[in-house]
Each structure stands twice: as structure tokens, then as C-alpha cells.
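Spelled out from the first residue to the last, the chains are:
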Amino acid sequence: MKQRFSALDVRATAASLRQRVVGLRLQGIYDVNAKTMLLKFTRPGSKELVIVESGIRIHTTEYARDKAATPSSFCIKLRKHLRARRLTAVRQTGMDRMLDFEFAAQAGPQAEGTYHIVCEFYAGGNIILADHNYAILALMRVVRIGDEIAFGVGRTYPLPESREVERLGPAEITACLARAGPSETLKRCLAQLGAYGPALAEHVVLSAGLRPSMRVAAEIDLGPQSPHVAALSDAYAAAFDTVDRLGREVGPGFIALQRAADGGDDMFDDLNPWRPAQYPDELVRDFASFAEAADAYFSSIEAQKLRSRAHQQEAAAERKLDAARAEHDGRVAALERQHGLAEEQARRIEANLEFVDQAIAIIRQAVAAGMDWRELEELVAAQREQANPVAERIVRLSLATNQITLLLDSPYDGDEYDDSSDGEESSDGATASGPLEVDVDIFDTAFANAQRYYNTRRQAGVKHARTLAVSTRALQSAEQKIRADLKSNRVTATVSQMRKVFWFEKFSWFVSSDGYLVLAGHDMQQNELLVKRYLRPGDAYVHADMHGAASVIVKNRRDTAAAAVPGGAPSAETIPPSTLFQAGIMSVCQSRAWDAKILTSAWWVEAHQVSKTAPTGEFLTTGSFMIRGKKRTLPPAQLVYGFGITFRLADDDSIARHAAGRQQRRAAMEEGLRTAAAAPAGSANDDDDGAAVTIVGAAANLPPSAQAIVRGLDFGAARKKYNLDEIDDAAEDAFEGAEATHTRAESKRYASAKERRDQRKQRQNPGPTEAAPAGKLSKKEQRHADEEAKYAAKDKQQQQQQQKRGQKSKAKKRKE
């Protein structure tokens with residue numbers, strides 16, 4: 001697998017960079033890691049990203065990478081000298097693996113203010129910033145030869161001598177093969193010839209019809225009329241043409257694949273700017289340019305390395321967790337064994353009470369008699385040799401601690417129901433059968449020693465429970481700390497292909513339900529740009545007579561727009577009314593109607609009706625346009641606005657599955673429109689009479705083709721889908737509530753004194769045929785009304801007295 005660029009790869013990359021990057025400004029410089037930098041070149045409307053890995057590779061990239069949070073000192077130095085400077089030249093010195101980026105000043109490449117970035121792709125590699133005289137200003141790494149600095153700040157960078165590729169003839173090939181050793185292969189011998197390299201040498205050998213593993217001394221004819229030399233000469237002539245082409249023009253790139261051993265996906269194996277003959281055609285993937293091939297090849301390797309590092313970090317964290325769990329389990333198991341051993345030792349003493357008391361008594365008497373400890377041990381050893389049963393069970397004497405160690409049998413030894421073998425351990429870790437060593441105190445009885453072991457067992461149980469709780473908390477804390485460290489230090493850098501940003505994404509945009517692109521500007525400048533640059537004949541311009549309303553354009557389809565008029569002139573009449581209605585909603589919702597909750601309508605015009613030419617003596621501000629001709633009003637816009645989420649299809653299979661989705665929806669919509677246009681005028685359902693009348697009334701000002709489209713739309717289903725009936729009912733209820741409130745307010749209007757006198761006269765002297773007035777009040781109601789009027793007048797007088805200076809006039813103005 002290729003790990004770094006060869007001289008021919010650098011040559012092909014230089015040609016690509018001269019075409020794509022020269023003339024652009026260096027807008028940004030970023031650190032990807034300690035050896036990799038990302039250069040961002042921009043021009044109005046486009047940008048190019050160039051990734052440089054010191055000693056490894058350089059190419060333009062379409063993949064997004066995480067950048068370092070803090071730039072390095074070398075990156076800061078590059079930004080200081082090169083930001084916003086224009087790249088004037090990219091040169092490769094001969095066939096050396098280095099590139100020289102020149103940022104020339106206006107006065108010329110030799111003038112002060114010109115800078116160079118020299119990128120080396122051999123040995124350890126380096127990136128060097130130099131001035132117009134190639135004096136080093138900064139570099140990625142200082143190069144030492146022995147104890148002396150060969151490349152450092154302040155020194156002059158020595159440009160190597162140019163070593164161009166040469167055309168090889170039969171004489172040069174014969175001379176090279178004649179110098180081959182007795183066991184040297186043809187591929188290895190030709191790899192040292194010229195500046196072609198081993199990969200191209202193997203390609204030449206295979207193109208000549210020879211085997212790369214042929215022994216030169218034994219299998220190659222070096223005579224004057226040698227067919228081997230002639231074939232190699234013709235192959236090298238074709239290779240020279242390839243190398244010459246790589247330096248002059250941008251050519252395709254090729255990635256060779258390697259079959260996976262387990263039957264999985266093929267892996268990248270080699271990268272070349274020519275089609276290699278070493279691989280069959282089915283294992284070679286073609287790319288439009290070598291830069292694209294290099295980007296895909298090294299980005300795949302980079303992503304694989306990042307995944308490997310993340311996997312290693314997770315494995316290390318799991319090992320730490322396993323070690324913490326093992327320590328916890330070992331501590332708990334030790335306490336459980338101690339607990340079980342103390343209980344078993346107490347049982348052994350209880351099973352051998354007489355023997356334990358007898359051994360304690362013998363040793364105690366000897367100690368009380370003043371026998372020396374050494375003599376006592378010799379006595380026990382002598383009695384053991386004489387097969388004394390007590391002495392045989394005494395393992396050792398620990399008289400310094402007043403203890404002796406006895407070998408006690410299990411109470412179940414020799415039981416016919418006991419199937420366990422000697423030395424077998426029980427579940428709690430203690431020996432269930434067989435002799436067991438037990439320490440007993442010579443100044444206590446056997447029962448006292450057993451009780452002591454029972455107390456020890458009880459203490460061990462308490463300690464076990466306490467330790468278990470503490471250890472569990474400690475284990476949980478350790479797990480949380482390890483996982484937190486893993487999360488904070490996790491390799492989160494990713495290499496993902498950047499999505500192509502479409503031209504309309506700089507604006508507010510959406511795709512209508514009919515599949516039309518609708519655009520609106522964010523501000524006045526964008527409105528100006530949108531109309532001047534992107535409004536074409538056949539498009540629709542939508543706006544509203546409300547402050548802040550956005551200038552919205554609906555991009556029409558070229559085929560349907562041209563077919564609207566018999567003469568073939570583009571027209572916006574083919575845009576469905578539903579799309580225009582949605583565009584109107586977008587314009588109104590961005591106006592002050594949104595905050596004021598005002599129900600208003602938008603309008604639309606053809607593209608040729610929008611002009612930037614103002615009448616004589618008038619001036620149009622930025623974002624303002626002159627509309628000539630009739631405006632076509634849309635139905636009242638709903639103040640309902642939202643946002644959507646788009647999903648990108650990354651793999652080819654998903655793209656293939658969704659390729660025909662929009663065509664199918666469009667075909668279904670056209671079929672529905674044709675059906676609606678062919679249906680008679682009175683074929684609407686009775687249930688939708690009201691909706692049909694509304695539709696026809698709203699579409700009265702539309703052209704005949706648009707009216708047919710409106711009649712074919714299922715507005716009943718749309719109202720159910722978006723709950724428009726509930727919204728209308730709520731609006732009507734609110735309106736009725738406001739009207740009722742107004743009616744109640746009118747009914748509570750107090751009568752004047754003259755009106756009250758007239759009402760009393762009418763009640764006292766009604767005419768013979770005159771009916772009682774509709775607003776006749778009883779005495780109780782009239783008295784209540786008089787009291788309310790008196791209190792109202794009193795409150796009004798108090799409010800007028802409490803008003804400060806000027807408030808009365810302000811209130812009057814507000815009322816007006």
C-alpha cells in the first residue's frame with residue numbers, strides 16, 4: 001500500500017494546483033494535527049481546500065476534518081505573513097519531491113513582500129516559510145545534520161538543482177541492464193534508471209510483455225538486435241509521453257484495489273496518475289482527476305487510522321475497567337475465604353474438644369514447670385517420633401504469642417454419606433474435609449478458643465459487608481472516572497465528505513408541495529441580488545404591501561414555462577396556484593403582519609413586470625423595485641411558518657432507490673391536472689360546494705389554465721390535513737366574542753338626562769295606539785342605572801383630578 005507521494009505524484013498534483021488554485025487568495029490556514037495543515041483558498045463564489053501533510057502528500061480535498069482548537073506557533077506565523085495574499089505560482093523543481101508556493105508582491109516575484117511556502121515530501125518532510133530571497137522565516141521542524149543546524153530560522157533555503165526526466169533509448173537501457181548483478185531482477189534494475197520510479201518501471205516491464213521477476217543476467221538478451229531491449233525502449237517512450245503530459249495538463253487518477261481475504265469490501269492498495277498494468281481492469285477505479293483520486297485514497301487511510309485510534313482508546317479503557325473489577329472481586333473473595341475459614345476452624349475445635357483440651361493441658365503444664373521453649377520443642381519432636389498421638393497433631397509451637405498450631409480432623413471424615421474427597425474446598429473457600437491447621441491459645445479452654453473463632457467469623461462478616469459496600473461504590477466511581485476520561489480524551493476527529501453547497505442556500509428557500517424552488521432574501525442586499533441575478537423570464541415575483549415583506553421569487557421549470565404561450569415565450573402562468581400561495585405566505589410571514597397578527601394578502605407578477613428603473617425624478621432604494629402592470633392578488637395568507645429538515649443520500653443504493661420518486665409525484669400531479677381540466681364545470685361534489693365557490697372566487701383573477709388547476713386541487717383534503725376548519729372556527733369564535741363584547745358595551749351605554757326625562761314622559765302618558773318602547777326600564781332598573789351613572793361620573797372626575805399635567809391632552813390624542 002502506498003504511504004506517500006512519489007515524484008510523479010507531486011508532478012501531477014502541481015499541474016492540478018496550477019489550474020485550480022493559482023490566482024486565488026489564501027483566506028485561512030489551520031492545523032489538523034502536528035504534521036498536517038489545511039490551506040483555504042477563496043475567490044468570490046468558490047473556495048478550494050488544500051491539505052498538506054509534511055513528507056506524505058498534498059492535494060485538494062472535498063472532505064471536512066476537525067481542526068485543532070488552538071493554532072500552533074508555526075500556523076500563527078503563516079497567518080501573519082500570508083493571510084489574504086494571492087497565490088501567483090506553484091512550481092516543482094525538476095523531478096524532486098517538493099513544491100514551491102509563491103505569493104508574489106505587486107512589484108514582482110523578486111521584490112520585497114514576496115513569500116514562499118516550500119513543501120518537502122521526502123525523508124521526514126518539512127514545510128518552510130521563506131521571503132523573496134528564500135531566507136527562512138519559520139519552519140515546521142528544525143533539521144540537524146550531526147550537531148549543526150542545516151535548516152533553521154535565519155538561514156537561506158538552498159534550492160536543489162533541477163533534475164528533469166529524460167527520454168531513454170536502447171543504449172541507456174542496455175547500459176543499465178549490463179550493470180545488473182547475477183541475481184538482480186528486471187524490475188529492481190530498471191527502478192534505478194532515471195526519475196521514473198519503481199511503480200512506473202514495473203508498468204513499463206509489463207507493457208513490454210516481460211515479467212518483473214526475470215533475472216537480468218540469465219533471461220534478458222542484451223545483444224544489438226535484442227527483442228527485450230526493443231520492447232523496453234518502446235514502453236519507455238510511452239512512459240516518457242505520460243510523464244511529460246503529467247507536467248503540462250490535468251489528467252485522470254487511478255486507484256488500484258486489493259481483494260479482501262474474508263470476502264468483504266475491497267481495500268485501496270495503490271494510487272497512480274496513470275492506469276497501472278500491474279492490476280486487472282476490474283480492480284482499478286477511475287477518477288476524473290488525480291487530485292480526486294488522491295483525496296479519496298488518503299482520506300480513506302486517514303479515516304481508518306482515526307477509527308483504529310478510537311478502538312485502541314476504548315480497548316485501553318476496557319482493560320482498566322477489567323482490572324478495577326478484578327481487584328474488587330479479589331478483595332471480596334479474600335474476605336469471604338477469611339469468613340469461611342474462621343467458621344470451619346471453630347467447628348474443628350468443637351469436633352475435637354477432648355484432644356484440644358489435652359494438648360493445651362500438656363503444653364501449659366510444661367510452660368508452668370519452667371521448661372525452656374527449645375527443650376519443649378525437642379520434647380514434642382521426640383514424642384512425635386515415638387508415635388505419640390498428641391505430639392503427632394502438634395504442628396508447631398508459637399509460645400511467644402501463647403499459641404500452638406494443631407492439625408484437627410473434620411467431623412465428617414470417615415462418614416459413609418460424605419462423598420467429598422480430601423482437600424476439596426466448599427463454596428465459601430474453607431476446607432470441607434481433611435486435616436486443618438488451627439491456632440489455639442494455651443491459656444484458654446477449647447470452648448473459649450472456639451468462641452474466639454466464632455467472634456472472628458462474626459467480625460469478618462461485618463467487615464465483609466462493609467467492605468463490599470465501600471468497594472462497590474469505589475468500583476462505580478472508578479468506572480465513572482474511566483468513562484469520563486475516555487469521553488474527554490476520545491478521538492472525535494472525523495473525515496467526512498463535504499456536501500456540495502447549492503447556490504440558493506445563501507437565501508431563505510424551500511421546495512413547494514408541487515416541486516418548485518421558492519427563494520427569499522434575508523435582507524435588502526439579498527433581495528437586490530435575488531432579483532437582479534436569479535429572476536429569469538418565466539419566474540414569478542411574489543411580494544406583499546406590508547412593511548418588511550420579503551421579495552420572493554418562484555423558479556419556474558424551463559420546459560413548462562416556455563410552453564405556456566403558443567409563441568414559446570416563457571410565462572409564469574404554469575406555476576400552480578398552491579405554490580404561489582405558499583410563496584405568498586413566506587413573504588407575509590416575514591413582514592410586520594407576523595407580530596401584529598394582521599391577516600393580509602400577497603400578490604405576484606411576471607418577471608418582466610419587475611424593474612429597477614424608477615420614474616423620472618424618483619429614486620429606488622436598495623431592495624426596492626418598480627412594478628409595472630397589473631398585480632395578481634393571492635388569497636389571504638395564513639400566518640403559519642415552519643422549517644424542514646433535508647436528508648442527504650450518501651450511498652449509491654439509496655440514491656438509486658429514490659431517483660424516480662420526484663418523477664412519479666410529478667406524473668401523478670400532471671395526471672390529476674389533466675383529469676380536472678377534462679371534468680365538466682358542474683361535477684363538483686355537493687359536500688364541497690362551499691369550498692368550490694371559495695376556490696372559484698379566489699381564482700377569478702387567474703388565467704384559464706390556472707383556474708383549471710385550482711379546480712383540480714383537493715382543498716377539502718388539505719383543510720382536513722392541516723386542521724384549517726378548526727383554525728377558521730377559532731377565528732370566527734374570536735370574532736363573534738369580540739362582536740358580543742362590543743354589543744354588551746353598547747348596551748351598557750348610559751342615557752343622558754334629556755333621554756331619561758323623555759322616557760319617563762312616555763311611560764306616564766303613552767299614546768292610544770303607541771307600543772311601549774323596546775328599551776323600557778322599570779323603576780328599579782332606572783334607579784340602578786341612575787346610581788351607576790352617578791358613580792361613573794364621580795370616578796371620571798377623580799381620574800381627571802389624579803391625572804398629572806399633560807396627561808389629559810395625551811389621552812385625548814390617543815383616543816383620536
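All values derive from a computational prediction rather than experimental measurement.

Draft legend 1. Local environment of the sheet that holds strand 8 (residues 115–120). The strand order across the open sheet formed by five strands is 6-7-8-9-10, and the pairing between neighbours is antiparallel. Every other strand in the sheet has two partners, leaving strand 6 (89–91) and strand 10 (136–139) as the edge strands with one partner each. If you compare each strand with its neighbour and ignore which way they point, the axes differ by 20° on average. In terms of strand pairing, strand 8 meets strand 9 (residues 126–130) through five bridges, oriented antiparallel. Across the sheet, valine 118 pairs through a bridge with isoleucine 128, a residue of strand 9.

Draft legend 2. Layout of the pattern of salt bridges. Here the structure, examined in full by the defined rule, presents 23 salt bridges. Of the charged contacts in the structure, one is a salt bridge between glutamate 202 and lysine 187, with a shortest N-O distance of 3.1 Å. Residue glutamate 202 is located in helix 5 (residues 197–207), and its partner lysine 187 is located in helix 4 (residues 186–190); the two are separated by 15 residues in the primary sequence. Residue classification places glutamate 202 among the buried residues on the basis of a relative accessible area of 19%.

Draft legend 3. How the structure looks around the pairing of strand 8. Most of strand 8 is tucked away: six of the six residues are buried. The two faces of strand 8 match: Tyr115, Ile117 and Cys119 on one face and His116, Val118 and Glu120 on the other face are all buried. Bridging between strand 7 (residues 98–103) and strand 8 involves six bridges; their strand directions are antiparallel. In the sheet register, phenylalanine 101 faces strand 8, and the bridge partner there is isoleucine 117.

Draft legend 4. Quick peek at the environment of valine 250. Counting through the fold element by element, valine 250 comes out in the loop between helix 7 (227–248) and strand 13 (253–258). On the basis of relative accessibility, which here comes to 34%, the residue valine 250 falls in the partly exposed class. When the C-alpha atoms of valine 250 and phenylalanine 290 are compared, they prove to be 7.6 Å apart, with 40 residues separating the residues in sequence. Excluding its chain neighbours within four sequence positions, the residues that come into contact with valine 250 are Ala15, Ser16, Gln19 and Ser289.

Draft legend 5. Representation of unusual backbone geometry in the model. Look at tyrosine 134: it is not a glycine, yet its phi comes out positive at around 60°. One can find tyrosine 134 in the loop between strand 9 and strand 10. Non-glycine residue asparagine 402 carries a positive phi angle of around 60°. Tracing the chain through its elements places asparagine 402 in the loop between strand 16 (394–398) and strand 17 (403–408).

Draft legend 6. Looking closely at the packing of helix 1 (residues 7–20) against helix 7. The N-to-C vectors of helix 1 and helix 7 enclose an angle of 35°; their axes lie 7 Å apart at closest approach. Of the residues in helix 7, those in contact with Leu8, Arg11, Ala12, Ala15 and Arg18 of helix 1 are Val243, Asp244, Leu246 and Gly247. Residues belonging to the contact of helix 1 with helix 7 are distributed by class as follows: five nonpolar, one polar and three charged.

Draft legend 7. Spatial organisation of the sheet that holds strand 17. With antiparallel pairing, the three strands of this open sheet are ordered in space as 16-17-18. Both outer strands of the open sheet, strand 16 and strand 18 (436–441), are each paired with one neighbouring strand and no more. The mean inter-strand angle of the sheet, taken between neighbouring strand axes irrespective of direction, is 25°. Across four bridges, strand 16 lies against strand 17 in antiparallel orientation. Bridged to isoleucine 394 within strand 17 is leucine 406. Relative to the sheet, helix 8 (residues 290–351) contacts strand 17 and strand 18, its axis offset from that of strand 18 by approximately 75°.

Draft legend 8. Molecular detail of the environment of serine 551. With respect to the element layout, serine 551 can be found in the loop between strand 22 (540–544) and strand 23 (552–555). For serine 551, a relative accessible area of 1% puts it in the buried group. C-alpha separation for the pair serine 551 and serine 587, spaced 36 residues apart in sequence, amounts to 6.7 Å. A distance of 2.9 Å separates polar atoms of two side chains, one belonging to serine 551 and the other to tyrosine 541.

Draft legend 9. Broad picture of the packing of aromatic side chains. For the structure on display, the rule yields 14 aromatic pairs. Ring geometry for phenylalanine 504 and tryptophan 509: centres 5.0 Å apart, planes at 70°, overall edge-to-face. Judged by its relative accessible area of 32%, tryptophan 509 falls in the partly exposed class. Three or more aromatic residues joined by ring pairs make a cluster, and in this case those are Phe502, Trp503, Phe504, Phe507, Trp509 and Tyr534. One Lys or Arg, arginine 557, reaches over the ring of tyrosine 516 and ends 4.2 Å from the middle of that ring. A cation over a ring is seen here: lysine 612 above phenylalanine 625, with NZ or CZ 5.0 Å from the ring centre.

Draft legend 10. Geometry of helix 3 (residues 170–178). Every buried residue of helix 3 is accounted for by Ile173, Cys176 and Leu177. The arc enclosing the buried residues of helix 3, seen along the axis, measures out at 95°, which places them on a common side. Of the exposed residues in helix 3, the ones pointing more than 90 degrees away from its buried face are Ala171 and Ala178. In this fold, the buried residues of helix 3 make contact with helix 4, helix 6 (216–219) and helix 7.

Draft legend 11. Structural context of a positive patch on the surface. Taken together, the side chains of Arg4, Lys35, Arg97, Arg141 and Lys305 make up a positively charged region of the molecular surface. Among the structural elements, lysine 35 can be located in the loop between strand 1 (25–31) and strand 2 (36–43).

Draft legend 12. Broad picture of helix 7. End to end, helix 7 covers 32 Å across 22 residues, agreeing with the expected 32 Å (1.5 Å per residue, within 8%). Here helix 7 has its buried residues at His228, Val229, Leu232, Ser233, Ala235, Tyr236, Ala239, Phe240, Val243 and Leu246. Buried residues in helix 7 make contact with helix 1, helix 3, helix 4, helix 5 and helix 6. The N-capping residue of helix 7, defined by a side-chain oxygen 3.3 Å from the backbone nitrogen of histidine 228, is serine 226.

Draft legend 13. Representation of the side chain of threonine 114 in the model. For threonine 114, the location among the structural elements is in the loop between strand 7 and strand 8. In this structure the side chain of threonine 114 is engaged in a polar contact, spanning 3.0 Å, whose partner is the backbone oxygen of glycine 108. Setting aside anything within four residues of it in sequence, one finds threonine 114 in contact with Glu102, Phe103, Ala104, Ala105, Gly108, Pro109, Ala130, Asp131 and His132.

Draft legend 14. The side chain of serine 587, seen in detail. Mapped onto the fold, serine 587 is located in helix 15 (residues 577–589). Aside from chain neighbours lying at most four places away, what touches serine 587 is Val542, His543, Ala544, Ala549, Ala550 and Val552.

Draft legend 15. Summary view of the confidence of the model for the protein chain. Looking at the protein chain as a whole, its pLDDT mean stands at 78, while 79% of the residues score no less than 70. Low confidence marks residues 726–749, where pLDDT is under 50. Its contacts with residues over four positions away, or in another chain, come to two contacts.

What counts and what doesn't
- Residues numbered from 1 in each chain as written.
- Predicted model: local features only at pLDDT ≥ 70, side-chain atom pairs only at ≥ 80, totals over all residues.
- Heavy atoms only, no water.
- Pairing = 2+ DSSP bridges.
- Helix = DSSP H or I, 4+ residues; strand = E, 2+ residues; numbered from the N terminus.
- Axes fitted to C-alpha atoms, helices over the stretch in contact; angles between N-to-C directions.
- Salt bridge = Lys/Arg side-chain N within 4 Å of Asp/Glu carboxyl O.
- Buried < 20%, exposed > 50% of the residue type's maximum accessible area, 1.4 Å probe, protein only.
- Contact = heavy atoms within 4.5 Å.
- Nonpolar A, V, L, I, M, F, W, Y, C, P; charged D, E, K, R; others polar.
- Polar contact = N/O pair within 3.5 Å; in protein donor to acceptor, adjacent residues only side chain to side chain.
- Phe/Tyr/Trp six-rings, centres within 6.5 Å; stacked < 30°, edge-to-face > 60°.
- Lys NZ or Arg CZ within 6 Å of the ring centre and 35° of its normal.
- Arc of directions from axis to C-beta.
- Patch = residues over 30% accessible without salt bridge, like charges linked within 9 Å, V, L, I, M, F, W, Y side chains within 5 Å.
- Areas by Shrake-Rupley, 256 points an atom, 1.4 Å probe, with all protein chains shown as cover.
- Lys, Arg positive; Asp, Glu negative; His and termini not counted.
- Charge placed at Lys NZ, Arg CZ, Asp CG, Glu CD.
- Expected span 1.5 Å × (residues − 1).
- pLDDT = per-residue confidence, 0-100.

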